[in-house]
Amino acid sequence: MKGMSGRIIISAGIMMMTAGVLYGDYAQDYNTAIYFYKRGEHDLAAKSIEEIVSHYPAERRLDAALYWGAQSYERLGNPRDALRMYRRIVSDFPDSAYRIDALYAAGQSASDAGDYQEALALFGASAHTTIPATGRIRSKWRVIFLFPHRFMRVWCFTANIR
């Protein structure tokens, strides 16, 4: 009987791990999704983050989950779902630390999905978005067009000289 209860606990633990989100709290569920992402189980990470987004729609830290969900979809070769999550970061979280990366990655996802007009608009938006840094230096993204559908981003630092 003693060995049987051990097997039941292990089986229950495996079922909870493969089910993804446990709905304990946002931080716990987010960490579970990130665990899947880091292990390369991007399908489970994306599924977990979709559940987080639906279960915690008003969470103030949802931008982080959306970003890693979009990254998971990119790894799965699904640029349309990645683009959907990146767009939500840009529209719903204007002060997010992920915003600039989301703008650029959304442009890349739009390009990968074949929507080159939207890709160009998103790359343009990312190139003209300023992030205040420390002191009197501001940083901006610049987009360099290498080939018709491939892009590269570069940081440009400009000083506020008065």
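Each chain carries its own residue numbering, running from 1 in the direction its sequence is written. Only residues with pLDDT of 70 or above have their local features reported here, since the model is predicted, and side-chain atom pairs are shown and tallied only from 80 upward, although totals for entire chains, interfaces and linings are computed over all residues. The side-chain values count all of the structure's non-hydrogen atoms but skip hydrogen atoms and water molecules.

1. Topic: the nonpolar core
Residues belong to a common nonpolar core when they are buried Ala, Val, Leu, Ile, Met, Phe, Trp, Tyr or Cys residues joined through side-chain atoms within 4.5 Å. Exposure is judged per residue with a 1.4 Å probe applied to protein chains only, and the accessible area is read against the type maximum: over 50% gives exposed, under 20% gives buried, and values in between give partly exposed. Of all hydrophobic cores here, the largest spans 32 residues; its most connected members are Tyr26, Ile49, Ile52, Leu62, Ala65, Leu66 and Tyr86. Of all the secondary-structure elements, those providing two or more residues to this core are helix H2 (26-38), helix H3 (42-55), helix H4 (62-75), helix H5 (79-92), helix H6 (99-112) and helix H7 (116-127). No other element matches H4, which puts 7 residues into this core. We call two residues contacting when some pair of their heavy atoms lies within 4.5 Å. Each residue touching Ile49, except ones within four places of it in the same chain, is listed here: Ala33, Ala65, Leu66, Trp68, Gly69 and Met85. Only DSSP runs of H or I covering at least 4 residues are called helices, and only runs of E covering at least 2 are called strands; the numbering of each starts at the N terminus.

2. Notes on H2
Each turn of an α-helix holds 3.6 residues, which means side chains three or four residues apart point in the same direction. Here the expected length of a helix is defined as 1.5 Å per residue gap, with one fewer gap than residues. Helix length check: H2, at 13 residues, gives a terminal C-alpha distance of 18 Å against a target of 18 Å (1.5 Å per residue), a fit within 8%. Every buried residue of H2 is listed here: Tyr26, Asp29, Tyr30, Thr32, Ala33, Ile34, Phe36 and Tyr37. Trailing H2 by a residue or two, Gly40 shows a phi angle of about 85°, which is positive.

3. Some points on the packing of H2 against H3
Here an angle of 0 to 180 degrees is reported between the N-to-C directions of two axes, which are lines fitted to C-alpha atoms, with helices fitted over the stretch in contact. Put simply, H2 and H3 touch, their axes get as near as 7 Å, and they point 160° apart. Relative to H3, the element H2 is oriented roughly antiparallel. Crossing handedness for the pair H2 and H3: left-handed. Of the residues in H3, those in contact with Tyr26, Asp29, Tyr30, Ala33, Phe36 and Tyr37 of H2 are His42, Leu44, Ala45, Ser48, Ile49 and Ile52. Of the residues contributing to the contact of H2 with H3, the split by class is 9 nonpolar, 2 polar and 1 charged. An angle below 35 degrees is treated as roughly parallel, one above 145 as roughly antiparallel, one from 65 to 115 as roughly perpendicular, and anything else as oblique. Note on convention: near helix rotated counterclockwise from far helix by under a right angle means a left-handed crossing. Clockwise means right-handed. All residues other than Ala, Val, Leu, Ile, Met, Phe, Trp, Tyr, Cys, Pro, Asp, Glu, Lys and Arg, Gly among them, are scored as polar; the first ten of these are nonpolar and the last four charged.

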